[in-house]
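The residues making up each chain are set out below.
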Protein chains: 2
Amino acid sequence: MSKFQAPKGMRDFAPQEVLKREYLFDIITQAFKRHGFMPLETPTMENLETLTGKYGEEGDRLIFKVLNSGDYLKKLRNKDEKEREEIITAEGSKKLTPYICEKGLRYDLTVPFARFVSQNHGQLALPFKRYQIQPVWRAERPQKGRYREFTQCDGDIIGDSSLLCELELLQIYENVFSQLKLHDTQLIINNRKILAAMAEMIGASDKLTELTIAIDKLDKIGRQKVEEELAQKGLDSQQIEKLSPLFELSEQMSKQEKADNQSTLKTLESILAQTEMGQRGIAEMRELIEMGQACELKTLYFDPLLARGLDYYTGTIVEVKAKNTQIGSLGGGGRYDNLTDIFGVKDLSGVGVSFGADRILLLLEERELFPENLETYCEVLIIHFGKESQVQHLQLANKLRKAGISTELYPSAAKMKKQMKYANQKAVNFVILQGEEEIQNGQITVKNMHTGEQKTQKVEEFIQSFAP
Amino acid sequence: MSKFQAPKGMRDFAPQEVLKREYLFDIITQAFKRHGFMPLETPTMENLETLTGKYGEEGDRLIFKVLNSGDYLKKLRNKDEKEREEIITAEGSKKLTPYICEKGLRYDLTVPFARFVSQNHGQLALPFKRYQIQPVWRAERPQKGRYREFTQCDGDIIGDSSLLCELELLQIYENVFSQLKLHDTQLIINNRKILAAMAEMIGASDKLTELTIAIDKLDKIGRQKVEEELAQKGLDSQQIEKLSPLFELSEQMSKQEKADNQSTLKTLESILAQTEMGQRGIAEMRELIEMGQACELKTLYFDPLLARGLDYYTGTIVEVKAKNTQIGSLGGGGRYDNLTDIFGVKDLSGVGVSFGADRILLLLEERELFPENLETYCEVLIIHFGKESQVQHLQLANKLRKAGISTELYPSAAKMKKQMKYANQKAVNFVILQGEEEIQNGQITVKNMHTGEQKTQKVEEFIQSFAP
């Protein structure tokens, strides 16, 4: 093995991997475009003042920082030796960084998007609908399926609070997963107002975050452990007991063959109707579900205990899961109200979703759902017979390319075996032989590499066979 | 202006810019694919041991370095205070970097490509033909047209020494620039062996690099200044005098309306035929030019004084220029023999070209050569008439999208003026009105936003009008 490698946790994408990724990204892009979303790209680096404080303490630690260029220690050298020594020897190297780094690598697409919207506020047509597919970097410990460089695919609609925005993103989700043939995908939806209503109902509105975090784990650790965690967080047994109807609803739902969102809405209404917050949350869910029916969405699954960790969601939340796999969430998102506040622009409500590209690719791989012809880098290889026929080979190649058929001419008159091996490695569909006899007769011999069939014909006939 | 900005020298690409860039990258990608090239992507970061020493001292300085994560000063803290102080106070901050940075950002696509080829040598089908379109980073002082983050587009064929590889890249160049309608583009070609032969002819083989660097400036500074520079570099007047026929040839050529490559070859033969190197170089150029004629290449221009700065070229070199603009070179490349040597893999000859994306985009902008419909983010906007017709709007939107027509429904029943303003901002081609009357008659009213014409019709009729 070569001593020169890509950095750990980061990947080369060889040709077949690039094509698989492009297959996915193209389906996502087309779905966004069909709904009038516009592409956005932001720089790889952001100033640290833009990034810091947006991802929590752990997040700040995981941002890759870029060393200032030039004589980056100058500022430090101007300090006296004692102060310098203090900065250098501070625990965890925490003190030096601000002196030597001004920039960091993009940690997600949301913060740069918010920075862009704030910076261009007033010039953007609202609602501003953008999609963005770019890599992000996190200095996490690399492990199976977790990388330090990975691609995020986000779509957001900002500047409008209508539930039609949510609907649109759900339509895009369903459209993408159906095109990918991941037919067991569910779009699990809920509304943060319903979670807030639960907290209110049990008299624990001050513990909404703790409640959300605990409930988020129901799937993984089960009801009993969730109740234990809630007790630890300071809920008393009466409060926890009041959640029972919700846990029971969740249990019932997990036994259903098919989603019955109307019945879930009804049950929930009877549990939460006494709070105003509950009524609002349920009304929003009902409207969204009914619009979904009008649009023939088939995979909406309303789960009132879906929580999603991120604090900044304020309304609808969504998570995408495929039923028959252990691979976790394939995407998620929700409505937020305060995204651009931190950059000085208030009152812009937005809603966004994200595709978990690496997991989706893993699942497509597992189920062998990539299109068959994806790795055909080239339709045709023309065998090189020798210098004396080279001009004819070149002209043939040109003719085929002009007809839109990707074509290679082997670059030298190597042994037939070597040329055929190359044809196989490039997975071409056809090998063309244009020897002396063929040239004299104005024909070519075409070998179909899948059937093995061989046919001598006019070039025009061969080109014709590609016509749709 | 918001205090939060993208870092200096780096750019946000707003939607219209992304689409222009995609237009260019798509044409380049398709051209490479038609010739059987395969896509490759390498990580944003490389280990510094991979990058350092490949770009000269200046280049090493301009590599963006990434701070190690975690307690990055640990290694330094273990040293005694005096040594630490020495490292910290060293001139230009040069001593600390190796202790705190292991990785750097990609500086070009060539070195990561060489690293990939070396690492996967033995598994790659040779010739390995790859294209790669990715950003690179250089810590240069930002100025007009020079950015710290910019995209490179490279294509290389490695593992074959046939001139057919050069030909193929020239075909791709010509194809791309012709599709971009940059019809005054020339592919200026030469061969490093011809430059070596010149040095040999005047008895200055030991000064090949100096000769190359000086001649490279002929265009800009003129013959007299080049001769002065050569004298400064230690060539005597006799040696310089011997170059006269070449300068004269160059002068003659600059007066030609059209390239006359055959006559240039002939004149050059009479000047350089006495050296074996000259004969080889001329033979290669002749073969390439003749193959170009067979393939109907129209923009090849053989210039025996084209030099190109980069040291690692060993055979054919090429530079792309548009005649009627001050914008410099639009691309360039050449044959190299030792690319992977530094990574331990010997004897892989290759040839590569690069597209100067930013300059090409600038030129397309200057000449207004982007397609007209590029900024149509959406074909259709459906006006939202109110909650009572919302389901019909949604179903209409769905029907249009299923027919492949990108469609937006305005997300709320805002004032007509506001909705029409949005339609203009998104540059839609059609606005659809579906009011009470239309719904009753099963029709829609379509306003063509270019002609202003308005027409009431069946949805199916409207869809039909998109049929090719």
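All values reported here derive from a predicted model rather than from experimental measurement.

As a further point, take the interface of chain B and chain A. Opposite the 105 residues of chain B that make contact, chain A presents 105 residues. Taken over both partners, the interface formed by chain B and chain A buries close to 8,900 Å², and the fraction arising from carbon and sulfur atoms is 57%. Taken together, the connections running from chain B to chain A amount to 12 salt bridges. A salt bridge links E287 of chain A to K387 of chain B, with the nearest nitrogen and oxygen atoms 2.5 Å apart. Our count for the contact surface shared by chain B and chain A stands at 46 residue pairs in polar contact (both at pLDDT 80 or more). Per-element accounting of the side of chain B that touches chain A gives the leading share, seven residues, to helix α17 (residues 390–402) of chain B. Taken together, the residues of the side of chain B that touches chain A sort by class into 50 nonpolar, 25 polar and 30 charged.

Glancing now at the sheet that holds strand β13 (residues 407–409) of chain A. All names here are of chain A. Read from one edge of the open sheet, five strands run β13-β12-β14-β15-β16, paired in mixed fashion. Each edge of the open sheet carries a strand with a single partner, namely β13 and β16 (454–457). Averaged over all pairs of adjacent strands, the angle between their axes in this sheet comes to 25 degrees, without regard to strand direction. Sheet contacts for helix α17 (residues 390–402): β12 (380–382), β13, β14 (430–433) and β15 (444–448); angle to β13, the most-contacted strand, approximately 170 degrees.

Let us look at the domain arrangement of chain A. You can read the domains of chain A as domain 1 (15–41 + 107–366), domain 2 (45–105) and domain 3 (376–464). Placing the centre of domain 2 of chain A and that of domain 3 of chain A at their C-alpha centroids yields a distance of 59 Å.

Right, let's get into the packing of aromatic side chains. Each aromatic ring pair is summarised here by two numbers: the centre-to-centre distance and the angle between the ring planes. Counting across every chain of the model gives 34 aromatic pairs over all chains. Here the aromatic rings of Y173 of chain A and F355 of chain A are separated by 5.0 Å at their centres, their planes lie at 75 degrees, and the arrangement is edge-to-face. With a gap of 182 residues between them, Y173 of chain A in helix α8 (residues 163–179) and F355 of chain A in strand β11 (residues 350–355) connect regions that are remote in the sequence. Like Y173 of chain A, the residue F355 of chain A is buried in the burial classification. Relative to F128 of chain B, the ring of F113 of chain B lies with its centre 6.3 Å away and its plane at 20 degrees, an arrangement referred to as stacked. With a gap of 15 residues between them, F113 of chain B in helix α7 (residues 110–119) and F128 of chain B in strand β5 (residues 128–137) connect regions that are remote in the sequence. When sorted by exposure, F113 of chain B lands in the same class as F128 of chain B, which is buried. Three or more aromatic residues joined by ring pairs form one cluster here, namely F32, F37, Y131, Y173, F177 and F355 of chain A. One cation-aromatic arrangement involves R21 of chain A over F13 of chain A; the distance from NZ or CZ to the ring centre is 3.8 Å. Looking at R138 of chain A, its charged tip hangs above the ring of Y107 of chain A, at a distance of 4.2 Å from the centre.

The subject of this paragraph is helix α16 (residues 357–366) of chain A. Every buried residue of α16 of chain A is listed here: A357, D358, I360, L361, L363 and L364 of chain A. A positive phi of about 50 degrees marks E368 of chain A, the residue just after α16 of chain A.

Moving on: a negative patch on the surface. A cluster of acidic residues, D80 and E81 of chain A together with D80 and E81 of chain B, forms a negative patch at the surface. Structurally, D80 of chain B is set in the loop between α4 (74–77) and α5 (81–89).

Within a beta sheet, neighbouring strands are joined by backbone hydrogen bonds and run either parallel or antiparallel to one another. Residue and element names in this part refer to chain A. The strand order across the open sheet formed by eight strands is β1-β5-β6-β11-β10-β9-β7-β8, and the pairing between neighbours is mixed. At either margin of the open sheet sits one strand with a lone partner, and together these are β1 (38–39) and β8 (300–302). Pairing analysis gives seven bridges linking strand β7 (residues 185–191) to strand β9 (residues 313–322), with the strands arranged antiparallel. Paired with L187 across the strands is V320, a residue of β9. The sheet contacts of helix α7 (residues 110–119) involve β5 (128–137), β6 (149–158) and β10 (331–336), and relative to β5 the element is tilted by about 135 degrees. Seen against the sheet, helix α15 (residues 276–294) touches β7, β8 and β9 and runs at an angle of roughly 150 degrees to β7.

Moving on, we get to the relation of the copies chain B and chain A. Of the two same-sequence chains, chain B is brought onto chain A (RMSD 0.1 Å, axial shift 0.0 Å) by a rotation of 180 degrees. The two molecules are tied by a two-fold rotation axis, judged by turn and shift. Rotation axis and chain B: the residue whose C-alpha lies nearest the axis is V66 of chain B, separated from it by 2.2 Å. Interface overlap between copies: 100% of the residues of chain B at the interface are likewise at the interface in chain A, consistent with a symmetric, same-surface contact.

Right, let's get into the confidence of the model for chain A. In this model, chain A carries an average pLDDT of 94, and 99% of its residues clear a pLDDT of 70 or more. The ipTM for the predicted assembly is 0.94, set against a pTM of 0.95.

Okay, the packing of α8 of chain A against α15 of chain A next. Residue and element names in this part refer to chain A. Two elements in contact, α8 and α15, have axes whose closest approach is 10 Å; the angle formed by their N-to-C orientations is 50 degrees. The pairing of α8 with α15 is recorded here as oblique in orientation. Of the two elements, α8 crosses α15, and the hand of that crossing is right-handed. Each of L163, L164, E166, L167 and L170 in α8 lies in contact with α15, whose residues at this interface are E284, E287, L288, M291 and G292. Considering only residue class, the contact of α8 with α15 consists of six nonpolar, one polar and three charged.

Residue and element names in this part refer to chain A. Where β15 lies against β16, four bridges are found, and the strand directions are antiparallel. Counted as the bridge partner of V446 is K455 from β16. Connecting β15 to the antiparallel partner β16 that follows it, the hairpin turn spans five residues, and G452 within it adopts a positive phi of roughly 80 degrees.

Looking now at a positive patch on the surface. Residue and element names in this part refer to chain B. On the surface, a cluster of positive charge is made up of K415, K417, K418 and K421. With respect to the secondary-structure elements, K421 resides in helix α18 (residues 416–425). Here K421 falls in the exposed class, since its relative accessible area comes to 54%.

Quick look at the pattern of salt bridges now. In this structure the tally under the stated criterion is 57 salt bridges over all chains. For E85 of chain B, the salt bridge goes to R84 of chain A, with nearest N and O atoms at 2.1 Å. Here E85 of chain B is found in helix α5, whereas its partner R84 of chain A is found in helix α5 (residues 81–89) on a different chain. Given the relative accessible area of 8%, R84 of chain A is considered buried. We note a salt bridge from K193 of chain A to E284 of chain A, for which the minimum N-O separation is 2.9 Å. On the criterion of sequence distance, the pair formed by K193 of chain A in helix α9 (residues 192–201) and E284 of chain A in helix α15 is long-range, its members being 91 residues apart.

Thresholds, definitions, all that
- Residues numbered from 1 in each chain as written.
- Chains lettered and ligands numbered in written order.
- Predicted model: local features only at pLDDT ≥ 70, side-chain atom pairs only at ≥ 80, totals over all residues.
- Heavy atoms only, no water.
- Contact = heavy atoms within 4.5 Å.
- Buried area = accessible area lost by both parts, 1.4 Å probe.
- Salt bridge = Lys/Arg side-chain N within 4 Å of Asp/Glu carboxyl O.
- Polar contact = N/O pair within 3.5 Å; in protein donor to acceptor, adjacent residues only side chain to side chain.
- Helix = DSSP H or I, 4+ residues; strand = E, 2+ residues; numbered from the N terminus.
- Nonpolar A, V, L, I, M, F, W, Y, C, P; charged D, E, K, R; others polar.
- Pairing = 2+ DSSP bridges.
- Axes fitted to C-alpha atoms, helices over the stretch in contact; angles between N-to-C directions.
- Domains from an automatic or database assignment.
- Phe/Tyr/Trp six-rings, centres within 6.5 Å; stacked < 30°, edge-to-face > 60°.
- Buried < 20%, exposed > 50% of the residue type's maximum accessible area, 1.4 Å probe, protein only.
- Lys NZ or Arg CZ within 6 Å of the ring centre and 35° of its normal.
- Patch = residues over 30% accessible without salt bridge, like charges linked within 9 Å, V, L, I, M, F, W, Y side chains within 5 Å.
- Areas by Shrake-Rupley, 256 points an atom, 1.4 Å probe, with all protein chains shown as cover.
- Lys, Arg positive; Asp, Glu negative; His and termini not counted.
- Charge placed at Lys NZ, Arg CZ, Asp CG, Glu CD.
- Least-squares fit on C-alpha atoms with pLDDT ≥ 70 in both.
- pLDDT = per-residue confidence, 0-100.
- Parallel < 35°, antiparallel > 145°, perpendicular 65-115°, else oblique.
- Left-handed = near helix turned anticlockwise from the far one by under 90°.

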